[in-house]
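Survey of secondary and tertiary structure
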Amino acid sequence: MTENSGCPEIDIHVDKGDYEKDVLQIIKIIRPEWTTCCITIKPMNQGNINLMLLCHTGTEDETAIVVRMFGVALEDLIHRGNELAMAKCCGEIGLGPKVYCSFNNGFCSAYLPGKTFGWLEHPFKDIENARIVAKTIARYHCRKTMEAARAYNIGNGMDLAEAAEKILIGWPVKFSDPELHELFYKDLPDKEELLEELHFIKYVIDNMGLPRVLNHGDLNPTNFVYNENTGVMTFVDYEMCGFRIQIEDLTKFLLNTSIALTESDIEKHNHSPEFVRAFIRAYLEELRRLDGNEEIVNQEEVEKYRVFAEKFYLIMQFIHMMLLPQFVNTVGSDKISYRSFITCYKIRLKYYYENKNRVLR
């Protein structure tokens, strides 16, 4: 075992299929006062990309421990070094649960009590709840947090367009399931056309001229924990974090809280321009407050960021479709779920082509 910034590095590889013995060894090091026979270990999630275990001695409260095991390797999408560094950083500056130790294939942290949410069952269509998220995003993007992150050597992480291009160059990616393969590629533009479109997208992103900030990278409702007693929102799961374009986190929240499962739903589920403006204003005002900037946010600035968000929102519709084959093949799940995913993402791609001349030109 070695020490690193007060966080021990334990030389244990936790067996995902038979984890109890390994987890108990780790707990013995970081919680020597716990009596082994009184320890409860239970899974918190299904464990596709990561497996999380809740460990306690009778009460699921602040004294409990979360053991997080890294799952499948999505090298083009996930940066495990950034994930651990981000977890340590956020734990130290009060943006996340404290990290107690790392081990060969994961880390242990404090348990974060609070209200959690589902992909489709969440309250974030309400602007007051969305403002809480906007202010939390500002806490990540502010100068103080970014300085702390650089001290932990957090890098840029996954660049969405670069990851999509890397996957596209290897197309067609063969799906392990022939039915899903046929469903995905049916009526898609050919590889050369998609690459040309992606190069245009990269040009649009570069010309936004926005700074790089510390992005969480995966802002969807399942990664939010809300403490109703304190009114504090916390983001968890940092595997896609990094220093990237400022508008990314804001847009991912807007995208991931407006999921359309059918073509007729997409306009109905999109957030209104008024909602987006209110969300962006809350973010900009909180960011200025945190950075000690007393300049008042004006409507022109809000509108400028709304336009950026509209552009990036549309770009995400295209890029997510390009990333899907690697995710399906690497992570795996039931065929019914991925049939729905592919259908949903093809709706998004159609929406991209229908609106790109209006939004991106």
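Now for a look at the structure at hand. (Residues numbered from 1 in each chain as written. Predicted model: local features only at pLDDT ≥ 70, side-chain atom pairs only at ≥ 80, totals over all residues. Heavy atoms only, no water.)

**Section: the packing of helix α3 (residues 127-141) against helix α8 (residues 247-256)**
What counts is decided by this rule: Every angle, taken between N-to-C directions, lies between 0 and 180 degrees, and every axis is a line fitted to C-alpha atoms, over only the stretch in contact when it is a helix. A run of H or I in DSSP counts as a helix once it spans at least four residues, and a run of E counts as a strand once it spans at least two, with each numbered from the N terminus. Throughout this description, any angle smaller than 35 degrees is read as roughly parallel, any larger than 145 degrees as roughly antiparallel, any in the 65 to 115 degree range as roughly perpendicular, and the remainder as oblique. Each helix crossing is assigned a hand: it is left-handed if the near helix lies turned anticlockwise from the far helix by less than a right angle, otherwise right-handed if that turn is clockwise. The contact criterion used is simple: two residues touch if any of their non-hydrogen atoms lie within 4.5 Å. Residue type decides the class: Asp, Glu, Lys and Arg count as charged, Ala, Val, Leu, Ile, Met, Phe, Trp, Tyr, Cys and Pro as nonpolar, and the leftover types, Gly among them, as polar.
In the contact formed by α3 and α8, the axes pass within 10 Å of each other and the chain directions differ by 155°. The angle between α3 and α8 falls in the class roughly antiparallel. Two packed elements cross with a definite hand, and for α3 against α8 that hand is right-handed. Each of Ala130, Val133, Ile137 and His141 in α3 lies in contact with α8, whose residues at this interface are Asp249, Leu250 and Phe253. Of the residues that constitute the contact of α3 with α8, the class distribution is 5 nonpolar, 1 polar and 1 charged.

**Quick word on the packing of helix α5 (residues 160-169) against helix α7 (residues 191-206)**
In the contact formed by α5 and α7, the axes pass within 10 Å of each other and the chain directions differ by 165°. Here α5 lies roughly antiparallel to α7, going by the angle between them. Note that α5 runs across α7; the crossing there is left-handed. Seen from α5, the contacting residues are Ala161, Glu162, Ala164, Glu165, Leu168 and Ile169; seen from α7, they are Lys191, Leu194, Leu195, Leu198, His199 and Lys202.

**Details of helix α10 (residues 273-290)**
Put simply, the test is: Multiply 1.5 Å by the residue count of a helix minus one, and that product is the helix's expected span. The buried label goes to any residue with under 20% of its type's maximum accessible area, the exposed label to any with over 50%, and the partly exposed label to all in between, with areas taken from a 1.4 Å probe on protein chains only.
Under the 1.5 Å per step criterion, the end-to-end length of α10 is 26 Å for 18 residues, consistent within 8% with the ideal 26 Å. Within the span of α10, buried status applies to Phe275, Val276, Ala278, Phe279, Ile280, Ala282, Tyr283, Leu284, Glu286, Leu287 and Arg288. Looking one or two residues past α10, glycine 292 carries a phi angle of roughly 70°, positive in sign.

**Things to note about unusual backbone geometry**
Following tryptophan 171, the chain continues to proline 172 via a peptide bond in cis, the omega torsion being -5°. Mapped onto the elements, proline 172 comes out in the loop between α5 and α6 (178-185). In this structure, aspartate 187 is a non-glycine residue whose phi angle is positive, near 70°. With respect to the helices, strands and loops of the structure, aspartate 187 is situated in the loop between α6 and α7. Under the relative-accessibility criterion, aspartate 187 is labelled exposed at 72%. Of note in the backbone geometry, aspartate 237 takes a positive phi value of approximately 65° without being a glycine. Note on placement: aspartate 237 falls in the loop between β10 (232-235) and β11 (242-245).

**Details of α6**
The condition is simple: This arc corresponds to the set of directions leading from the helix axis out to the C-beta atoms.
Considered for burial, the residues of α6 that qualify are Leu180, Phe184 and Tyr185. Buried positions in α6, seen along its axis, are confined to an arc of 115° and lie on one side of it. Facing away from the buried surface of α6 by more than 90 degrees, the exposed residues are Pro178 and Glu182. Looking one or two places after α6, you find aspartate 187, whose phi comes out positive at around 70°.

**Topic: the environment of leucine 77**
Among the structural elements, leucine 77 can be located in the loop between β5 (65-70) and α2 (80-93). Residue classification places leucine 77 among the buried positions, given a relative accessible area of 4%. Along the backbone, leucine 77 and methionine 240 are 163 residues apart, and their C-alpha atoms lie at a distance of 6.9 Å.

**Some points on the packing of aromatic side chains**
Short version of the rule: Working definition: a ring pair exists when centres of Phe, Tyr or Trp rings (six-membered ring for Trp) sit within 6.5 Å. Plane angles under 30 degrees give stacked, over 60 give edge-to-face, the rest tilted. Comment: the charge-over-ring label is applied if NZ (Lys) or CZ (Arg) is within 6 Å of the ring centre and within 35 degrees of the ring normal.
For the coordinates displayed, the defined rule picks out 15 aromatic pairs. Aromatic side chains phenylalanine 117 and phenylalanine 124 sit 5.0 Å apart centroid to centroid with 70° between the ring planes, which places their arrangement in the edge-to-face category. Just as phenylalanine 117 is buried, phenylalanine 124 falls in that class too. On the numbers, 6.2 Å between centres and 75° between planes, the contact of phenylalanine 124 with phenylalanine 253 is edge-to-face. You can see phenylalanine 124 sitting in the loop between β7 (106-110) and α3 and its partner phenylalanine 253 sitting in helix α8, a full 129 residues away along the chain. Residues phenylalanine 124 and phenylalanine 253 agree in their burial class; the two are buried. What links up through ring pairs into an aromatic cluster is the set Phe117, Phe124, Tyr140, Phe224, Phe235, Phe253 and Phe279. The ring centre of tyrosine 100 lies 4.4 Å from the NZ or CZ of arginine 31, which sits over that ring.

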